[in-house]
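The chain contents come next:
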Amino acid sequence: MRLTPTFFIQLFNPSPQIQVRKISFVYFKNLLEYIHNFQYINNHIVPKNSNISLKKAGGVTLEDVVLELNDLHTHFFTDSGEVPAVDGVSIKLHKGEVVGIVGESGCGKSVTSLSVMQLIPKPPGKIVGGEILYKGENLAEASEKRMRKIRGNSIAMIFQEPMTSLDPLFTIGNQLIEGIRLHEKINKKEANERAIQMLHQVGIPRAKEVIDEYPHQLSGGMRQRVMIAMAMALNPEVLIADEPTTALDVTIQAQILDLMKNLNKENDTSIMLITHDLGVVSEICDRVVVMYSGQVVEEGTVREIIKDPQHPYTKGLIRSLPKLNEREQKLYSIPGTVMKPSMEQVGCRFASRCEFAFDRCFKANPELYSLGEDRKSRCFLHDEEKGVEEFANADLRS
Amino acid sequence: MPTPILEVKKLKKYFDITGGVLGKKLGEVKAVDDVSFSVNEGEILGIVGESGCGKSTTGKALLRLIEPTDGEVFFEEQNIINISDEEMRKLRKDMQIIFQDPYASLNPRHTVEKIISEPLLTHGMKSKEERQERVKELLEDVGLKAYHASRYPHQFSGGQRQRIGIARALANNPKLIVCDEPVSALDVSVQSQILNLMEKLRNKYNLTYLFIAHDLSVVKHISDRVGVMYLGGMVELTTKDQLYEDPKHPYTQALLSAVPITDPDEQQERIILEGDVPSPSNPPSGCPFHTRCPMAMDVCKEIKPEFKEVEDQHFVACHLYE
Ligand SMILES: Nc1ncnc2c1ncn2[C@@H]1O[C@H](COP(=O)(O)OP(=O)(O)OP(=O)(O)O)[C@@H](O)[C@H]1O
Ligand SMILES: Nc1ncnc2c1ncn2[C@@H]1O[C@H](COP(=O)(O)OP(=O)(O)OP(=O)(O)O)[C@@H](O)[C@H]1O
Ligand code: SF4
Ligand code: SF4
Ligand SMILES: [Mg+2]
Ligand SMILES: [Mg+2]
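Here is what the cut-offs are and how they apply
Residues numbered from 1 in each chain as written. Chains lettered and ligands numbered in written order. Predicted model: local features only at pLDDT ≥ 70, side-chain atom pairs only at ≥ 80, totals over all residues. Heavy atoms only, no water. Pairing = 2+ DSSP bridges. Helix = DSSP H or I, 4+ residues; strand = E, 2+ residues; numbered from the N terminus. Axes fitted to C-alpha atoms, helices over the stretch in contact; angles between N-to-C directions. Contact = heavy atoms within 4.5 Å. Salt bridge = Lys/Arg side-chain N within 4 Å of Asp/Glu carboxyl O. Buried < 20%, exposed > 50% of the residue type's maximum accessible area, 1.4 Å probe, protein only. Parallel < 35°, antiparallel > 145°, perpendicular 65-115°, else oblique. Left-handed = near helix turned anticlockwise from the far one by under 90°. Nonpolar A, V, L, I, M, F, W, Y, C, P; charged D, E, K, R; others polar. Near = heavy atom within 4 Å. pLDDT = per-residue confidence, 0-100.

Visitor: How do you make sense of the sheet that holds strand 9 (residues 238-242) of chain A when you look at a structure like this?
Guide: What holds strands together in a sheet is hydrogen bonding between their backbones, with the strands either parallel or antiparallel. All names here are of chain A. The strand order across the open sheet formed by 8 strands is 8-9-10-5-11-12-14-13, and the pairing between neighbours is mixed. One side of each edge strand has no neighbouring strand; the edge strands of this open sheet are strand 8 (155-158) and strand 13 (369-372). Across the sheet, the mean angle separating the axes of adjacent strands is 20° when strand polarity is ignored. Sheet analysis places strand 8 next to strand 9, joined by 4 bridges and oriented parallel. By the bridge assignment, Ile 158 is partnered in strand 9 with Ala 241. The sheet contacts of helix 13 (residues 312-320) involve strand 11 (287-292) and strand 12 (295-301), and relative to strand 11 the element is tilted by about 105°.

Visitor: What am I meant to see in the pattern of salt bridges here?
Guide: Applying the stated criterion across every chain, the model contains 32 salt bridges over all chains. Measuring nitrogen to oxygen at the nearest pair gives 3.6 Å for the salt bridge that ties Arg 375 of chain A to Glu 304 of chain A. Taken together, the residues Arg 375 of chain A in strand 14 (residues 375-377) and Glu 304 of chain A in helix 12 (residues 302-307) connect sequence positions 71 residues apart. Since its relative accessible area comes to 28%, Glu 304 of chain A is described here as partly exposed. Across the pair Glu 311 of chain B and Lys 248 of chain B runs a salt bridge whose closest N-O atoms are separated by 3.1 Å. With a gap of 63 residues between them, Glu 311 of chain B in strand 11 (residues 308-311) and Lys 248 of chain B in the loop between helix 8 (240-245) and helix 9 (250-258) connect regions that are remote in the sequence. Its relative accessible area of 36% is what places Glu 311 of chain B among the partly exposed residues. Classification of Lys 248 of chain B by relative accessible area gives buried; the value is 9%.

Visitor: How should I be thinking about the packing of helix 10 (residues 250-267) of chain A against helix 9 of chain B in this particular structure?
Guide: Relative placement of two packed helices is described by the angle separating their axes and the distance separating the axes. In the contact formed by helix 10 of chain A and helix 9 of chain B, the axes pass within 8 Å of each other and the chain directions differ by 55°. With respect to each other, helix 10 of chain A and helix 9 of chain B are oriented oblique. The handedness of the crossing between helix 10 of chain A and helix 9 of chain B is left-handed. The segment helix 10 of chain A lies against helix 9 of chain B, with Val 250, Thr 251 and Ala 254 of chain A engaging Tyr 251, Leu 255 and Ala 258 of chain B. Counted by class, the contact of helix 10 of chain A with helix 9 of chain B contains 5 nonpolar, 1 polar and no charged residues.

Visitor: What's the story with the site of ligand 3 in this structure? I'm lost.
Guide: The environment of ligand 3 is made up of His 311, Pro 312, Cys 348, Ala 351, Cys 354, Phe 356, Ala 357, Cys 361, Pro 366, Cys 379, Phe 380 and Leu 381 of chain A. Considered class by class, the residues forming the shell around ligand 3 number 11 nonpolar, 1 polar and no charged.

Visitor: Can you walk me through the confidence of the model for chain A in this structure?
Guide: Parts of the prediction with low pLDDT should not have their coordinates interpreted in detail. All names here are of chain A. Summing up the model confidence of chain A, the mean pLDDT is 81 and the portion of residues at 70 or higher is 79%. Note that residues 1-9 has pLDDT below 50 and, in this model, 14 contacts with residues that lie over four places away or in other chains. Low pLDDT, under 50, characterises residues 39-62; the predicted model gives this stretch 42 contacts beyond four residues in sequence or across chains.

And the structure:
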């Protein structure tokens, strides 16, 4: 709904039966209640407590998107040439949503998330195009001062290697308390209590002792949980987690996924979860973005991606998984290996490994075809009628 | 009765923790503490367990790449623990290992040709032509091309490097290969290529694998029997179907329930364990799992449960089954 003249007329005259002239006390009361039920967000009047997203209600685009990457290009300028590590990536993250980003090693997942945080090593890296909109503000153009504020308050990141973001010279307690006090006006003692409580929350045994220990004294799993405690201490609006559990054992992973789920449910934190484990995705994500060689190749809900993948890469990926509860003799495997993103690449980046590739695939790179709301796939087969038929009939389950 | 090609009995490996200027012994890490199992000829025995539980140490100690502290290892009925280095070197021809990190295990300054032909030379293939011929054959066996022989490891992707590692292990027609997390570092789409290759080679050359991994679906896919380790000890060992359908040890149950399932329609109830894996330098008394076990009883704190057969071919170390 937009703040337009029609809206006001409707507001004052919600039903044609009531004449504006005959405003009674009851009508006024109703009107007040009616207005009370709306709130004003980003220049739009939105019904309060409504779970209808604005898009559906009135075709408005700003709605509840907290983070939006728009045609992001991040390149590395190396001795051996320019590497388009992130090559036109667009991703939307809504309020309270968990979006998974999956893809093979080197496809640009970490570079994408580091770009959001403006933590790309420069040189050799550089954001050469596109926007990173955090609630409408373009972070690609934000000053370092502003970014520090964002990183301390609004967007928190858990890194692939926890050691990179824990300071080896300070105790766990020092680092946690600093984070908490940046945020809340409480004294040292209270902050200390909070820190211990947080370590408990993330399942760290002996929290009282751990708080005086240094990062190297902790196991990898404990360090990762400290990172999560620190991220939670910020109570961020957006959490970007880069392979938070990849280095951990499954029983510890289960604990951490549980924690992240709670954070998402209780605080409505939006989470961008980078992983290559489709099991993890299935467990906690709402939507999935599949990347291949610096680009998004498919996007959809978890169910759509896992049960009904459309892009040949995603199809192959899902088929290659050994399944815990299925018996199969031979695993499917995608032939060949991932190519490094390169500026010279023409044609579909997956063409050399794709069993459906045809002439056109080697000449031009397909666009991301829209297959429905927030459902996309980058493959010419969605364009070529004949191809689609063959593709749809291919028995990929066998 | 299938014949065991390898029998490990009460294997122990303790590492000393030293410190101070004089390198005084401060304690020890019980990396492998009393592990027994056997591997039958032509079988794939999977070993799973969390990081630091002693899987790699078990694999290396039974090949005597590190010297065991105690225990016995029989390879084709010969006790190999006390044989001379010379005899051991000869036996290595039959017992090979593939490592997790395909990059670290290949010398970056050597060509693929040199890497693969080195073990051939060690075991007496004197003629250069013969070696070149064999290298070519091996490269083809693992799905690489003959022209790859002149390249260096850094020119290959992770999956291709793992193929080179496999070719090297195969060079002298071994009988047993200890595979220490051979696919853990690889992407899913490449992982399945390597798993298929390993199965193909097993069938072709009647190999026996001890397959170490932490990914339970990978182990399930490839193994005939599976052993589960926790904190230096084997807690459960049985056929793969039995293990995945009827896990008996509380740790195995928790481990299996913690594996995220890809299919959104098949999500399962999870057993979330409390706390961290204890340190092997200071293992808990009694059952090593009692600090995290949801079923722990009083006796578990005091007495270490014995690893014994509770059903046909099903070994468990837990007081619940006594
Ligand atoms: N500092 C750098 N200098 C040059 N190239 C880089 C640098 N960092 C990343 N790249 C390149 O950018 C590409 C994407 O890397 P990125 O780390 O985002 O991959 P990823 O998807 O996170 O992979 P992984 O699953 O292994 O973490 C790679 O091809 C990599 O070689
Ligand atoms: N050379 C060594 N000196 C001292 N301690 C060691 C040594 N090698 C291994 N350990 C310790 O022994 C224990 C078992 O290690 P091991 O490498 O066998 O575990 P793992 O099960 O293979 O783990 P991962 O899954 O991480 O490879 C660990 O606590 C480790 O720290
Ligand atoms: S565009 Fe062609 S090569 Fe690319 S995924 Fe589709 S069919 Fe395969
Ligand atoms: S012996 Fe006791 S503590 Fe150990 S696994 Fe069995 S029930 Fe749990
Ligand atoms: Mg990464
Ligand atoms: Mg290991």
